[in-house]
Protein chains: 2
Amino acid sequence: MIKNLAALDNGPVTVSGWVDTVRDQKKVQFVVLRDESGAVQLVNPRTTDAEGVVVADEPASTISTLSQGSFVTVTGELKHDERVKLGGIEIKLATLEVVTVAIPETPIAADSSLDKRLDWRFLDLRQPKANLIFRLQTTFEHAMRTYWIDNDFIELHTPKLMASASESRAELFEVEYFDTKAYLAQSPQFFKQMAQAAGFGKIFEVGPAFRADPSFTSRHSTEFTSVDSEISWIDSHEDVMQLHEELLVAGFTAVKEKHGEEVLALFGVEVTVPSTPFPRIPLAEAKEIVKSRGYEVPRDDDDMDPEGERQIAAYVLETFGHEFVFLTDYASSIRPFYHMRHENDASITKSYDLIFNGTEISTGAQREHRIDILVEQAKEKGVDPEEIEGYLDFFRYGVPSHGGFGMGLARVLMLMLHQASIREVTYLFRGPTRLEP
Amino acid sequence: MIKNLAALDNGPVTVSGWVDTVRDQKKVQFVVLRDESGAVQLVNPRTTDAEGVVVADEPASTISTLSQGSFVTVTGELKHDERVKLGGIEIKLATLEVVTVAIPETPIAADSSLDKRLDWRFLDLRQPKANLIFRLQTTFEHAMRTYWIDNDFIELHTPKLMASASESRAELFEVEYFDTKAYLAQSPQFFKQMAQAAGFGKIFEVGPAFRADPSFTSRHSTEFTSVDSEISWIDSHEDVMQLHEELLVAGFTAVKEKHGEEVLALFGVEVTVPSTPFPRIPLAEAKEIVKSRGYEVPRDDDDMDPEGERQIAAYVLETFGHEFVFLTDYASSIRPFYHMRHENDASITKSYDLIFNGTEISTGAQREHRIDILVEQAKEKGVDPEEIEGYLDFFRYGVPSHGGFGMGLARVLMLMLHQASIREVTYLFRGPTRLEP
């Protein structure tokens, strides 16, 4: 890999990658070769005959015809030279083998629209910034996984094909399933709670979730990677928030350590490992704070809106110097039936949203595990207990107190890297009008 | 957690779990309490009054009414006592708090049919064997992931919603997608190859794949967890097989280390870390060997059948003492259009199936990356190049040589633990007539 060249001594090397640029000059040819780890300059002084006339030998002739994007394998002499801007090394070419020739037209350029770039996503992803996003995602996810493993969590792969809705019946994709219909899981909610009744204790899952959401905002997609965790024997949603904090600290620490410098260089963003505990503000109080800053949330229900989330995040950053804030105790009226309510005030739930740099990335809660109350809350929300009979059974044969959260992976990356759209940090974005490539 | 009790000194402890059994005797009560990590005996000597008559005090009265499966939190004195069969420890009860009462009827018993147990999967999963399966799966997967991370692989989350088929058009689930149709990914094949054109180099994904397969065998399901990896710059499928071996060795080593004793105790199976290289046998030769053992594969095409796989595995175990075998060089006639063919014999492909304990767990291959040949092979297989135009574009703008494999996670577990059906090792099995729970 190219990133390993700098550590080698001068001498013969073999490198593979794709052609980034070619400068085909009269006396010398330069090629910038790129792979997933970096870029290196190849140099090929042209051969001249006795009269000083340039000879059309190899690899010179091939280089003259090289199209950008072609994949090649080269051999040559590695030479350390401080004057070379690109990493202080270059390779004097001996041989160059073309593995695949790229057609010379490039359908996208640096200034192409996002939509056009997504049409040609495989070319768009060759940019160092895009490549870094997915290496960073890998690191972030593995750090969370290592935390889970070190703490005895069990990993789940819950089914995405369901017989009924896991959340509301809105935004549900329907699948032709032999002689019947199935639905795509909107979240692993029911099945991760099932693991609690099954005595699994602490579980996690990272997998796709599907929402038939017709909106075109920069932070929604019809398919997204959901990071879920659920734990038994909690006293309140506070235990879930602590788990959530520890996971994010593990993820951000690993990202900063492994990619911090590169993120600063390519995105101009300093990765900050959040301090714990994150600030916690009850939603009602947050709305008061936002109001005192001159913004009245224009909603009839008790919920926040995106501008309100930005305002409270700005307040938290100014006041506590923190990029994260837990908004807690959401009104029961705007939370699902399975959120537990406070003992002393049933109008609010033991739940939270986590806001990062002004946008919601996650919802968590203690779940109601008492079957009588759960059935009551379902009815109150217009959920027919008969439709969720299988789910309700989980609570009839014994279940511990439990809670957990679901978090959108792409949202975390988008906000961490100050990107304007989730589409930049999703490998292949899916929206109402985008199913390809 | 209960597994941590044995390491503690005698003294006060608090433990949570569910009630496994209650023995309510005249002078003393015993409860076996279980959590995801193990089981412990609780003991409660009954109080007697001055006349020696048993008094109905707490927690005695509550214990007398405890139903199996109820979740409780107890406090008491931990006491090490070699005479106690269950781990040499017991807890003398002080308090017992019932968190949820289980209804006393248990719908399944140890001898219930598999189908009935799947109906009540959350109760079925409380068995120590089932719990071990998913802790073992967690360990196995994390060991593979750690291998990938240590070797600079990028993790992908490819979309499961597609505009067209990724494999054959048979066995395809159709989704209502706003004003059009989408299909569920049968594999991440196209998208992991896209990562090669994108210059990602080495990638992996663990995620769901969907097959509308109407069969009811013990090794098929309509949704399964697929383990995929794909690497650039390979010389042949041999490079893919080496990667595959190293991953399995990493996984089996971790499983043996962490769960080997428990697997032996609960399943009667010795986990064996496979030695490398695994035996490799070209398919044509394997069919000859099977024939010489007296079994003629009853197929018109060039493929193996399940009995043939069992026979060749038996031969390999007898001859090499190995549980794994790579069958290589499958006929081009029975492989997808994207498998590369041998330079000197286009009738065979640079591909393999991996057989473990007599059943196929994986298919791998070098991919054809030369666009002209790829288009020819597609046409030959009756795949209309226009239908896969987006996929073919990946090869027109430069792409390295590459290859990879897809492996069914549940199959590995089934065969590792000598289970008769994939349903035992899948958290929630999905088949043509099973969408619930």
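Naming follows an unreviewed UniProt entry, where chain A appears as Aspartate--tRNA ligase of Cryobacterium cryoconiti. Reading the Subunit (unreviewed entry) entry of the UniProt record for chain A gives the comment "Homodimer." Of chain A, the UniProt comment under Function (unreviewed entry) reads exactly: "Catalyzes the attachment of L-aspartate to tRNA(Asp) in a two-step reaction: L-aspartate is first activated by ATP to form Asp-AMP and then transferred to the acceptor end of tRNA(Asp)."

Colleague: What am I meant to see in the overall build of chain A here?
Modeller: The helix and strand inventory of chain A stands at eleven helices and 18 strands. Summarising its shape, the C-alpha atoms of chain A cover approximately 95 × 60 × 40 Å along the three principal directions. Taken across its 437 residues, chain A has 59% of its residues classed as buried. Sequence-distant contacts in chain A: of pairs separated by 6 or more residues, those separated by 24 or more amount to 64%. Only carbon and sulfur atoms are counted for the fraction: they give 50% of the accessible area of chain A, which is about 17600 Å².

Colleague: Which parts of the structure should I look at to understand the pattern of salt bridges?
Modeller: Close approach of charged atoms lets side chains of opposite charge pair. Here the structure, examined in full by the defined rule, presents 66 salt bridges over all chains. Among the charged side chains, a salt-bridge network with shared partners connects A:Arg117, A:Arg121, A:Asp124 and A:Glu424.

Colleague: Explain the pairing of strand β16 (residues 351-356) of chain A to me, please; I cannot follow it from the model alone.
Modeller: Residues and elements named next belong to chain A. Counting buried residues in β16 gives six out of six residues, a clear majority hidden from the surface. Judged by which residues are buried, β16 turns out to be covered on both faces: Ser351, Asp353 and Ile355 on one side and Tyr352, Leu354 and Phe356 on the other are all buried. Here strand β13 (residues 324-328) runs beside β16; their pairing, made up of five bridges, is antiparallel. Paired with threonine 328 across the strands is tyrosine 352, a residue of β16. Pairing between β16 and strand β17 (residues 359-366): six bridges, direction antiparallel. Directly across from serine 351, in β17, lies its bridge partner alanine 365. In textbook terms, the turn of a hairpin is the stretch between consecutive antiparallel strands, and for β16 and β17 this stretch comprises two residues, one of which, asparagine 357, has a positive phi near 45°.

Colleague: How do you make sense of the domain arrangement of chain A when you look at a structure like this?
Modeller: Interface size, as often reported, equals the accessible area lost upon joining of the parts. Residues and elements named next belong to chain A. What the domain assignment lists for chain A is domain 1 (2-100) and domain 2 (121-425). Relative placement of domain 1 and domain 2: their C-alpha centres are 48 Å apart. Each side of the interface is counted separately: domain 1 has five residues, and domain 2 has four residues. Among the residues domain 1 hides against domain 2, the three largest losses belong to Trp18, Arg34 and Glu36. Together they make up 75% of the total. Seen at the junction of domain 1 and domain 2, the total is zero salt bridges.

Colleague: Explanation requested: the sheet that holds strand β13 (residues 324-328) of chain B in the structure shown.
Modeller: Note: strands within a sheet are paired through backbone hydrogen bonds, in either parallel or antiparallel orientation. Residues and elements named next belong to chain B. Strands sit in the order β6-β10-β11-β18-β17-β16-β13-β12 across an open sheet of eight strands; the sheet is mixed. Each end of this open sheet is capped by a strand with a single partner; those strands are β6 (154-155) and β12 (280-282). Sheet strands touched by helix α5 (residues 189-197): β10 (202-210), β11 (223-232) and β18 (402-408). Its angle to β11, the strand with the most contacts, is close to 20°.

Colleague: What is the right way to look at the packing of helix α4 (residues 128-150) of chain B against helix α6 (residues 237-267) of chain B in this model?
Modeller: Packed helix pairs are specified by the crossing angle of their axes together with the interaxial distance, meaning the distance between the axes. All names here are of chain B. Where α4 contacts α6, the two axes come as close as 8 Å, and the packing angle between them is 155°. Taken together, α4 and α6 sit at an angle that is classed as roughly antiparallel. Note on packing geometry: the crossing formed by α4 with α6 is right-handed. Looking at the contact of α4 with α6 residue by residue, the class counts come to 19 nonpolar, three polar and five charged.

Colleague: Would you explain the packing of aromatic side chains in this entry?
Modeller: To describe a pair of aromatic rings, one takes the distance between the centres and the angle between the planes. For the structure on display, the rule yields 52 aromatic pairs over all chains. Between the aromatic rings of A:Phe173 and B:Tyr177, the centroid separation amounts to 5.2 Å while the plane-to-plane angle is 10°, which identifies the pairing as stacked. Residue A:Phe173 is located in the loop between β7 (161-162) and β8 (174-177), and its partner B:Tyr177 is located in strand β8 (residues 174-177); the two belong to separate chains. This pair shows no difference in class: A:Phe173 is buried, exactly as B:Tyr177 is. A centroid spacing of 6.3 Å and a plane angle of 90° characterise the contact between A:Tyr315 and A:Phe320, whose relative ring orientation is edge-to-face.

Colleague: Whenever I open this one, the sheet that holds β17(A) confuses me. Can you help?
Modeller: Residues and elements named next belong to chain A. Within the open sheet, the eight strands sit side by side as β6-β10-β11-β18-β17-β16-β13-β12. Their pairing is mixed. At either margin of the open sheet sits one strand with a lone partner, and together these are β6 (154-155) and β12 (280-282). In the packing of helix α5 (residues 189-197) onto the sheet, contacts are made with β10 (202-210), β11 (223-232) and β18 (402-408), and the angle to β11 comes to roughly 20°.

Colleague: Where do I start with the environment of A:His418 in this structure?
Modeller: Residue and element names in this part refer to chain A. Within the secondary structure layout, histidine 418 lies in the segment after α11 (409-416). As a C-alpha pair, histidine 418 and glycine 268 span 150 residues in sequence and 9.2 Å in three-dimensional space. Each residue touching histidine 418, except ones within four places of it in the same chain, is listed here: Val269 and Asn357.

About the cut-offs
Residues numbered from 1 in each chain as written. Chains lettered and ligands numbered in written order. Predicted model: local features only at pLDDT ≥ 70, side-chain atom pairs only at ≥ 80, totals over all residues. Heavy atoms only, no water. UniProt positions renumbered as here; feature names shortened; annotations may be inferred. Helix = DSSP H or I, 4+ residues; strand = E, 2+ residues; numbered from the N terminus. Buried < 20%, exposed > 50% of the residue type's maximum accessible area, 1.4 Å probe, protein only. Contact = heavy atoms within 4.5 Å. Areas by Shrake-Rupley, 256 points an atom, 1.4 Å probe, with all protein chains shown as cover. Salt bridge = Lys/Arg side-chain N within 4 Å of Asp/Glu carboxyl O. Pairing = 2+ DSSP bridges. Domains from an automatic or database assignment. Buried area = accessible area lost by both parts, 1.4 Å probe. Axes fitted to C-alpha atoms, helices over the stretch in contact; angles between N-to-C directions. Parallel < 35°, antiparallel > 145°, perpendicular 65-115°, else oblique. Left-handed = near helix turned anticlockwise from the far one by under 90°. Nonpolar A, V, L, I, M, F, W, Y, C, P; charged D, E, K, R; others polar. Phe/Tyr/Trp six-rings, centres within 6.5 Å; stacked < 30°, edge-to-face > 60°.

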